[in-house]
Structure formats: C-alpha cells, structure tokens
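Close look at the chain arrangement
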Amino acid sequence: MATTTLLPRHAGEGETIAAAIRDCLDYGKNPEKTEGKYISAYECDPATVAEEFLLAKASYKAATGREQKKKTDVLCYQIRMAFYPGEITPKEANRIGYELAMRWTKGRHAFLVTTHTDKKHIHCHIYYNSTSLDCSRKFRNFWGSSFALRRLSDRLCLENGLSIVENPKPRSKSKYKHYGEWQKERKRSLNFQERLCLAIDTALAKRPASLEEFLNLMKQAGYEVKKVRGGGLSFRLPGGGQDRFTRLRASTLGEGYDLKDIMVAIEGGTGRRETERKISLAVDIQAKLAEGKGPGYERWAKVFNLKQMAAALAYLQDNGLTEYSQLEKKAEEASDRFHALSSQIKQTETALKANMELKAATVQYAKTRLVFDKYKASKYSRKFLAEHEADIELYRAAQDDMRRLLGGAKLPKMEAQKEEGRKLVAKKKRLYGEYQKARRDMQEVLTIKANIDCLLGYSEPAKKKEMER
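Report on the accompanying structure.

Re the sheet that holds strand β6 (residues 224-228)
With antiparallel pairing, 3 strands are arranged side by side in an open sheet as β6-β7-β8. Each end of this open sheet is capped by a strand with a single partner; those strands are β6 and β8 (246-247). In the sheet, β6 pairs with strand β7 (residues 232-236) via 5 bridges, with the strands oriented antiparallel. Its bridge partner lying in β7, Lys226 is registered against Ser234.

Here you go:
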C-alpha cells in the first residue's frame, strides 16, 4: 500500500544553491541504497543531473529576467513513494515511480527516480526540476497538491494490482488531515465526476479481463453506459440524480481517466509512455563560440555532445553495426526505402486522382447522354444545339476526359470504379504509415552517421580520405 509525500527543496542556511542540489540528489543516488542499478531518469543524465538542473535555472533567469530570493527559491521537488514490504520488487517499484513522475509532470520537467532497498520497505525518491524543459516557466505548487498526488498514486497502484491505504489515520492532532480522512470527512459531497472516478477505480480493482466485463461492472454499480460518436463512452448515474451523461476522457475526469488509460489497465499494462530522447546533431562548439556564445554555453554544449555521442554508440551496439561500412550501408538503405515509399505514395495519389476524375466524368456522361442522343436524332439541329448547348458541351467534355483517362480501355462499371477508389485510399493510408516510420528511421540513422563522422573526424572530405589511407 504505497504512500506518497511531496516536498519542495530549498537551500539551507549558509548553503549554496549548487551544494544544496548536489547533496539532495547524491543522497538519492547513493549506491549503497540503490544497489547501484535502480535509477532511471527522464530528459537528464543521472551522472550530471545536478549540473543540468542548475543549467536550466540559469537559462530560465537569462530568458525571463526573473530571479527568486534564496530563501523562497524552490531548487527542485521531491516525491517519496513507499510500498508495503514484500509486495513489490525494486525494479517494478522504480518503473511505477517513473510512471508516477511522468504523469505528475506531464513530461514537462526533467526528473530522476531512485529506488532504495536499504529499509524493510522498498521506497522511491523522485526529484523533478522546478524549471520546465524549455526553461520558460517553473512548476507552480498548488493547494491540495498532496491530495492530487495521493490520488494519482492510488490510481497507479490499482492499475498494477497493489494495495492502497483506504482509511489512513491522521499523522498528528493538528488541523491538517491525511488524505483518507480528508476525503472521508470533508464537508461537501462528491460531485458526479468524482463519483464516476471512484466507481472506475473500484471496477478496475476487480481486474476485469475485457472492456465488456468492465462495462458490466459499471452497470452493476448503477451506471448507464452510452457509446458516443468516435468510439467514446459516457456514463450516467440515474439513481444519484444525474441527468446528463459524463464523457470518459482525461479533460473531464482528470489524468488517467481516458479511454486509452482504461484499456491499458484492463490489458494488464501500466500505461507508461516513455518519451525517447531525441537524437540530435552534435553542436559545433568552436563555431558557436566564434558567434559570441559564452563559457556557460560551452559547458552545456560539451555535456550535450557527450550525450549525443553516447546515444550514437548505443545505437550502433543495438543494431550490431561494428564497422563504418555497415553504418554507411544502413544509412543508404534507410534513404532508399524512404524515397521508394515517397514515390509509391505519389503514384497512388496520381491513380486516386485519375479514379476521382473518371468517376466524375462517368456521372457527367450519364447525366447528359440523353440530351446528346436527342441532339443526334435531330440530325444535329442548330436550333436544338442553341437550346441545349451547355449540356452538349458537358457531354463532349466528359467523353474527352474518359478517352484520356482510359487510354482506349473499356469503361468499367461505376461500382468497380468505387471499389478501386476504396482500395487506393486504403493503400495510401497504409503507405503513409510506413512512410512516416521510414522517415523517422532515416533521420535517426543519418543523424547518427553525422555524429559518428564528427567523432571520427570524417566531417571534412579531405580528412576522411586521409583517414582511409
């Protein structure tokens, strides 16, 4: 039964900001507590996380011109997540801690997750930077954030089959109450959205095997279920006085209550959506310094380049590319596949356009054929032509279009033309999905190759020839 605590971290009396961040993070990364392996990170490197947090704060100050006083400045936020002894493994705890941090920050802040095994109960320390990734704003703590964090933690525990604290006791006799007591004894009653969330949590806790079983559990709880346009779901509790249906989506019920999240929980997953680090081209530090960049930028660029080179080497290992010629071949194959798919999409679009033109010409031909037959029967009377000139011109134009598009072939039936159009649309959709993946693969391998060229000194043609000799 996981418990959580949210703590803002400040610099202590007589302590510098840099020292405070390092001490805080070093405690979390202590190898004696983490066994040297239960550490994960998002948009930062565990080895340089303190420096990256500090660099983000400096960038925020430079970009916005705002600076807080040392006493009130939040260096980072720390979440402590403790689990019931014997209920979870350290690896699984680290994964759930990562997911909690990702959902809590919505991927907008870099964070570090460390799992400690030195106590009887396994627990995670999550540190996330108070400054956002784009260095344009800071995390704003809000009233009731601990309760929101508690609720998100309970949601994750239910998804992963872990127990939760249903009726916790207050920690002290003060006016501040623990999450369970606060939710149980607060004055106002639950609204329809909160009741629906609790019903969903209860249904998922019973681990339904399918969406149909989940909906049956919701019906047993007294809810009416309605399917809405686009494949969504809505619920209503008529016995509780609810008149209108509530849509099942995160924008209405909150994070984790979208239909996709429900399906992930039903299928036994965690809903974790790890954001892979984007591989970028290495920075030409000397060129940037020549443009006027300062020492701070140089330090950042060195760390950035190290990360990109590490990512490049990891890519080579994962793909078994032990020789440079293999990397060149893979880059060439990725480019060829991308251009081949691009050509196929253009051909399909051309065929689809011709199909649409042929269908339009066939319809126009059928509409005006009777008029032209009468014109022909009148032995091409000038009077009849003057009265029906527009229809006759449309007929002739439709004939010309069909001759051009068919190229002497027999005109297929309209149903066959429609079926051909449906096949072309499906083909284009399939090719476009492959095209997007091929484009990402090509961009990735070309970026890797460019970084490896820079690492080996192949950036300039003369240097490459000299190295090959």
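A look at unusual backbone geometry
Only a minority of non-glycine residues have a phi that is not negative, and only a minority of peptide bonds are not trans. Even without being a glycine, Cys135 presents a positive backbone phi close to 60°. Topologically, Cys135 is positioned in the loop between β5 (123-129) and α5 (145-159). Phi at Lys379 takes a positive value of approximately 60°, unusual for a residue other than glycine. With respect to the element layout, Lys379 can be found in the loop between α13 (324-377) and α14 (382-387).

With respect to the sheet that holds strand β3 (residues 76-82)
Taken in spatial order, the 5 strands of this open sheet run β1-β3-β5-β4-β2, and their pairing is antiparallel. The two strands at the open ends of the sheet, each matched to only one other strand, are β1 (3-9) and β2 (39-42). Mean inter-strand twist for the sheet, computed between neighbouring axes without regard to direction, equals 15°. Note that strand β4 (residues 111-116) and β5 share 6 bridges and pair antiparallel. Looking at the pairing, Phe111 lines up with Tyr128 of β5. Running at roughly 150° to β5, helix α1 (residues 17-28) makes contact with β1, β3, β4 and β5 of the sheet. Lying on the sheet, helix α3 (residues 49-64) is in contact with β3, β4 and β5; it crosses β5 at an angle near 35°.

Quick notes on the rules
Residues numbered from 1 in each chain as written. Predicted model: local features only at pLDDT ≥ 70, side-chain atom pairs only at ≥ 80, totals over all residues. Heavy atoms only, no water. Pairing = 2+ DSSP bridges. Helix = DSSP H or I, 4+ residues; strand = E, 2+ residues; numbered from the N terminus. Axes fitted to C-alpha atoms, helices over the stretch in contact; angles between N-to-C directions. Contact = heavy atoms within 4.5 Å.

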